[in-house]
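The chain contents come next:
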Amino acid sequence: GPTFVKIGQLLSTRPDLLPRDIIAELSRLQDNVPAVAYEDVCAIVQNELGQRIEDIFCDFDKEPLAAASIGQVHRACLNNGEEVVVKVRRPNIISRMKTDLEILHWLAREIHERISDMHPYDLPGVVQTLRKSLLRETDFTIEANNSKIFANSNPYEDVVFSPEVIDEFTSERLL
């Protein structure tokens, strides 16, 4: 499921923990996430904004710029002519992640109970921390707020670009 893809993506950046051949395989997860169908994306956008997509955007690319484990982004143009990038959360991602996390938690408990050498690592606690972090990542309002905080405190505006967040088009599933 998506949680395991996310863990694989994280581990692919840690050559200090894993051998090169494993890192090379896990790195393939960075680029090989299938896109969500445009029809599903359209339904999410319309559901979140309460309007038909044509009433909001004069153009909305059907092919995503990028697809990741939690969401994907599409180039679009608002009816006022402003060019934007729309990030859409994958459908059913939270229920799929919760299922993955239940499996991970069960595995962590079993390892913790059966292998005493693993006690110092508190694997059930690690999974709980991972759960909290991953589920926060699925809420795009948190990402929007973090983006605003960064933009307001970025002293290098001419070097480091921070995209503007449009609040009226932002929700837990849409940014």
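Since we're looking at a predicted model, the values are computed, not measured.

Peer 1: How do you make sense of the state of the cysteines when you look at a structure like this?
Peer 2: Simply put, the disulfide is a covalent bond whose two ends are the sulfur atoms of two cysteines. Considering all chains together, one arrives at zero disulfides under this definition. You can see Cys42 has no disulfide; the closest cysteine sulfur is in Cys58, sitting 15 Å from it. Using a relative accessible area of 12% as the deciding quantity, one classes Cys42 as buried. Free cysteine Cys58: the closest other cysteine sulfur is in Cys77, separated by 3.5 Å.

Peer 1: Mind showing me how you'd approach the packing of aromatic side chains here?
Peer 2: The geometry of an aromatic ring pair is captured by the separation of the ring centres together with the interplanar angle, meaning the angle of the planes. In the structure shown here, the tally under the stated rule is three aromatic pairs. Summarising the aromatic geometry, the rings of Tyr38 and Phe60 are spaced 6.1 Å apart at their centres and angled 55 degrees between planes, so their arrangement reads as tilted. Here Tyr38, found in helix H3 (residues 38-49), pairs with Phe60, found in strand S1 (residues 57-60); they are 22 residues apart in sequence, far enough to count as distant. Across the pair, exposure class does not vary: Tyr38 and Phe60 are buried alike. Between Phe57 and Phe169, the ring centres sit 6.4 Å apart and the planes meet at 40 degrees, which makes this aromatic pair tilted. Here Phe57, found in strand S1, pairs with Phe169, found in the segment after helix H7 (140-153); they are 112 residues apart in sequence, far enough to count as distant. You'll find Phe57 and Phe169 in the same group, each marked buried.

Peer 1: What is the right way to read H3 from this model?
Peer 2: Every α-helical turn comprises 3.6 residues, leaving residues that sit three or four positions apart pointing alike. With twelve residues, H3 should cover 16 Å at 1.5 Å per step; its first-to-last C-alpha distance of 16 Å lies within 8% of that length. Residues of H3 that are buried include every one of Tyr38, Val41, Cys42, Ile44, Val45 and Leu49, and no others. Down the axis of H3, the smallest arc covering the buried residues is 160 degrees, so these residues share one side. Every exposed residue of H3 that faces more than 90 degrees away from the buried side is listed here: Glu39 and Asn47. Each element contacted by the buried residues of H3 is listed here: helix H4 (53-56), S1, strand S3 (71-78) and strand S4 (83-89).

About the criteria used
Residues numbered from 1 in each chain as written. Predicted model: local features only at pLDDT ≥ 70, side-chain atom pairs only at ≥ 80, totals over all residues. Heavy atoms only, no water. Disulfide = S-S within 2.5 Å. Buried < 20%, exposed > 50% of the residue type's maximum accessible area, 1.4 Å probe, protein only. Phe/Tyr/Trp six-rings, centres within 6.5 Å; stacked < 30°, edge-to-face > 60°. Helix = DSSP H or I, 4+ residues; strand = E, 2+ residues; numbered from the N terminus. Expected span 1.5 Å × (residues − 1). Arc of directions from axis to C-beta. Contact = heavy atoms within 4.5 Å.

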